Amino acid sequence: RDNTTFRAQLRDDPDVASAVAAIRALLGFLKQDRGETIQGLRSSLLAAIDTLSRVDSSVAVSSGGELFLRFISLTSLEYSDYSKCKEIMIERGEIFLRKVSLSRNKIAKLCHPFIRDGARILTHAYSRVVLRVLEAAVEAKKRFSVYVTESQPDQAGQKMAKALRKLNIPVTVILDAAVGYIMEKVDLVLVGAEGVVESGGIINKIGTNQIAVCAKAQNKPFYVVAESFKFVRLFPLNQQDVPDKFKYKADTLKTNQNLTEEHPWIDYTSPSLITLLFTDLGVLTPSAVSDELIKLYL
Amino acid sequence: MPGAAERGSELSEQIEAFVARLRGGGERPRSEDTARQTLSLLRKIVAHGRWSRAGELMDLIRREGQRMTAAQPSETTVGNMVRRVLKIIREEYGRLHGRSEESDQQESLHKLLTSGGLREDFSTPYPPLRANVIEAINELLIELEGTTDNIAMQALEHIHSNEVIMTIGYSRTVEAFLKEAARKRKFQVIVAECAPFCQGHEMAVRLSKENIETTVMSDAAIFAVMSRVNKVIIGTKTILANGALIAVSGTHTLALAAKHHSTPLIVCAPMFKLSPQFPNEEDSFHKFVSPQEVLPFTEGEILAKINVHCPVFDYVPPELITLFISNIGGNAPSYIYRLMSELYHPDDYEL
């Protein structure tokens, strides 16, 4: 039942982040739950999150689910009476969803002053947050041009280019392999993130790490835009440390036993390559990210 | 009431005079003096201004603050002091309103999840607020007095005997720092003269009066001499939110040379120089003065054919800096974000 709600949400509103859709589905689940105890609620929520990640095993769904669980624990600590607790949870859940729907606009407001007039921006694959930032820059009457990587294997870059052309931004689609070639022409790199890890690094579409390394080598600023609900409690030290369930699509995980034949969909970019992160909590340096996570989870 | 109207007009006169002095430029004002003058002016506004609620006071301070920062954007201490006062008002209001002191005023994931509703609107009037805010500003002024001494006290931990220290231009904080160390240790100082204003000369004269072995050299020789230097200690005009510096022109060269030779670069700067701005498009830090010093007007014909610029400040990225020594101790550039969250409230980053 949650599957269908979740899938329906993703289908109806392609603009919504998958983490938000997951949280909305979980909130709906919470409203319908007939349990009497917190423990019961937690275990049924864990089962629900598991079901959701079987539909879409991305980092975003995982971080959204964990955030929701944390939200439940925090609220249950304040109120011992279960039914009152549940009411408060539902109320706060709605407020939370309202706040996060504004987060993209907050990020756009923080980020667009960093785009100078006449800038050449490089971005990777399709990110709705980056699109919103560039939209805000256009509204601020800035002139700039964008290079988008094609981003194989799903050609997400073409989707991004189409959306940018609708905003009348001059855009060029380049091969993933051409990043090193184009880097000298570019003024700044702006990417989204599927997840932001505890060290301040990011998990994003495969190819992001390469772009970050090239940008560092040529001394170009590498900016990341991400909403705060994407912060996850992972601390990968290298590419191997990222769990398999994030690297491959849910269907692949179900059907394929030998994952060494599969191509991963995401990679990990280390914090030393990132200049600044723009989130709805403000402009953060990578070292500030772990502080935020500690404040939440401790 | 004639008394209040008189005070009101006197206050606006003083603000006008301050703004005019900021805009006028003239001789280089000392950052600490600017900070102190700003705070005194803000204290007067709190004491004599027409307001009854915290919200109105904050709007008043913000308005005056915007005017003052617009007069001279490169004097970031003015904006910093305004933000400190705004934070003080928020804290005092919170204390009177009954909110616990530990409650974090910052945005955080935690707050997003647990908060129940709208934000503070600062509209309840509290009579003791005026006195409390003025008292807190007085405490801040006292803190301001002691910053240079606090920094100088840490000198002995960082400077050892027989070291060669390099500095650039004239920074009063670094002067105090080196003088304090010279009382117990013997070391040499090389001062880069920092053309075109050559403030390094004045620094060298003052240091040699304290019997510190000082050498002055031109900016072009910085890289050549760097291999002999143990430490580079500099002052700065502003510290930005990402840990970068806006310092006197020539500092970036010095920082790059130090990085190349793996020489530690220590920045001595008090906390009131920390500004929550990021280096971005506005580039309001760039200040150009008359290029008279670079190429005098007597050169005549050549001036018609070329462009001459004389920038005052330089941007130094955070990767080149090893340590910040401030009145609250030593910190790494990556920790600056934390210090900022303790000094200012995120809603005030944009005045």
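These remarks concern the structure in this document. (Residues numbered from 1 in each chain as written. Chains lettered and ligands numbered in written order. Predicted model: local features only at pLDDT ≥ 70, side-chain atom pairs only at ≥ 80, totals over all residues. Heavy atoms only, no water.)

Concerning the overall build of chain A
Check the secondary structure of chain A and you find 13 helices and 10 strands. Taken along its principal axes, the extent of the C-alpha atoms in chain A is 60 × 45 × 35 Å. When each of the 298 residues of chain A is scored for burial, the buried share is 55%. Considering only residue pairs separated by 6 or more positions, chain A has 75% of its internal contacts joining residues 24 or more positions apart. If you sum the accessible surface of chain A, you get close to 13,400 Å²; carbon and sulfur atoms cover 51% of it. In chain A, which carries 39 positive and 34 negative side-chain charges, the distance between the mean positions of the two groups comes to 5 Å. (Helix = DSSP H or I, 4+ residues; strand = E, 2+ residues; numbered from the N terminus. Buried < 20%, exposed > 50% of the residue type's maximum accessible area, 1.4 Å probe, protein only. Contact = heavy atoms within 4.5 Å. Areas by Shrake-Rupley, 256 points an atom, 1.4 Å probe, with all protein chains shown as cover. Lys, Arg positive; Asp, Glu negative; His and termini not counted. Charge placed at Lys NZ, Arg CZ, Asp CG, Glu CD.)

Looking at the overall build of chain B
Counting secondary structure elements, chain B contains 13 helices and 10 strands. Across the 351 residues of chain B, 48% fall into the buried class. For chain B, restricting intrachain contacts to residue pairs at least 6 apart in sequence, the fraction spanning at least 24 positions comes to 79%.

Things to note about the pattern of salt bridges
Residues and elements named next belong to chain B. Counted according to the given criterion, the structure contains 28 salt bridges over all chains. Ionic pairing is found between glutamate 145 and arginine 36, a salt bridge with its closest N-O pair at 3.5 Å. Separated by 109 residues along the polypeptide, glutamate 145 in helix H6 (residues 129-145) and arginine 36 in helix H2 (residues 31-48) bring together distant segments of the chain. The class of glutamate 145 is partly exposed, set by a relative accessible area of 46%. Judged by relative accessible area, which is 26%, arginine 36 ranks as partly exposed. Across the pair aspartate 348 and arginine 62 runs a salt bridge, and its minimum N-O distance is 3.5 Å. Taken together, the residues aspartate 348 in the segment after helix H13 (336-343) and arginine 62 in helix H3 (residues 54-71) connect sequence positions 286 residues apart. (Salt bridge = Lys/Arg side-chain N within 4 Å of Asp/Glu carboxyl O.)

Structural notes on the packing of aromatic side chains
By the definition in use, this model includes five aromatic pairs over all chains. For the pair phenylalanine 114 of chain A and phenylalanine 278 of chain A, a centre-to-centre distance of 5.0 Å together with 70° between the ring planes defines the contact as edge-to-face. Here phenylalanine 278 of chain A lies in strand E9 (residues 276-279) and phenylalanine 114 of chain A lies in the loop between helix H6 (103-111) and strand E1 (119-124), a separation of 164 residues in the sequence. With a relative accessible area of 8%, phenylalanine 114 of chain A lands in the buried category. These aromatic residues form a ring-pair network of at least three members: Phe114, Tyr223 and Phe278 of chain A together with Phe278 of chain B. The side chain of lysine 249 of chain A reaches across the aromatic face of tryptophan 265 of chain A, ending 4.4 Å from its centre. (Phe/Tyr/Trp six-rings, centres within 6.5 Å; stacked < 30°, edge-to-face > 60°. Lys NZ or Arg CZ within 6 Å of the ring centre and 35° of its normal.)

Topic: the environment of phenylalanine 288 of chain B
Residue and element names in this part refer to chain B. By the secondary structure assignment, phenylalanine 288 is in the loop between strand E7 (265-268) and strand E8 (313-316). Taking the C-alpha atoms as reference, phenylalanine 288 lies 33 Å from asparagine 150; in sequence the two are 138 residues apart. Those residues in contact with phenylalanine 288 that sit more than four places away from it in its chain are His309, Cys310 and Pro311.

Things to note about the sheet that holds strand E10 (residues 282-284) of chain A
Residue and element names in this part refer to chain A. In space, the seven strands of this open sheet follow the order E3-E2-E1-E4-E7-E9-E10, with mixed pairing throughout. Two strands close off the open sheet at either side, each with one partner strand: strand E3 (171-174) and E10. Along the sheet, successive strands turn relative to each other by an average axial angle of 25°, direction set aside. One ladder, built from three bridges, connects strand E7 (residues 222-225) with E9; its direction is parallel. Bridged to tyrosine 223 within E9 is leucine 276. The sheet strands contacting helix H10 (residues 208-217) are E1, strand E2 (144-149), strand E4 (188-191) and E7, and the helix crosses E7 at an angle near 145°. (Pairing = 2+ DSSP bridges. Axes fitted to C-alpha atoms, helices over the stretch in contact; angles between N-to-C directions.)

Details of the side chain of histidine 112 of chain A
Its location among the elements puts histidine 112 of chain A in the loop between H6 and E1. Those residues in contact with histidine 112 of chain A, other than ones at most four positions away along the chain, are Val133, Ala136, Ala137, Ala140 and Lys142 of chain A.

A few points about the nonpolar core
Leu134 and Leu190 of chain A are the most contacted members of the largest nonpolar core, which totals 64 residues. At seven residues, the largest contribution of residues to this core is made by helix H7 (residues 128-139) of chain A. Counting residues in hydrophobic clusters, the runner-up holds 62 residues, among them Ile23, Phe71 and Val100 of chain A together with Tyr337 of chain B. (Core = buried A, V, L, I, M, F, W, Y, C linked by side-chain atoms within 4.5 Å.)

Describing unusual backbone geometry
Cis geometry is found at the peptide bond from glutamine 152 of chain A to proline 153 of chain A, where omega equals 5°. Position of proline 153 of chain A relative to the elements: it lies in the loop between E2 and helix H8 (156-166). In this chain, alanine 195 of chain B is followed by proline 196 of chain B through a cis amide linkage whose omega measures 0°. As for its placement among the helices and strands, proline 196 of chain B is situated in the loop between strand E2 (188-192) and helix H10 (199-209). Notably, glutamine 155 of chain A is not glycine yet its phi reads approximately 55°, a positive angle. Counting through the fold element by element, glutamine 155 of chain A comes out in the loop between E2 and H8. Judged by relative accessible area, which is 31%, glutamine 155 of chain A ranks as partly exposed.

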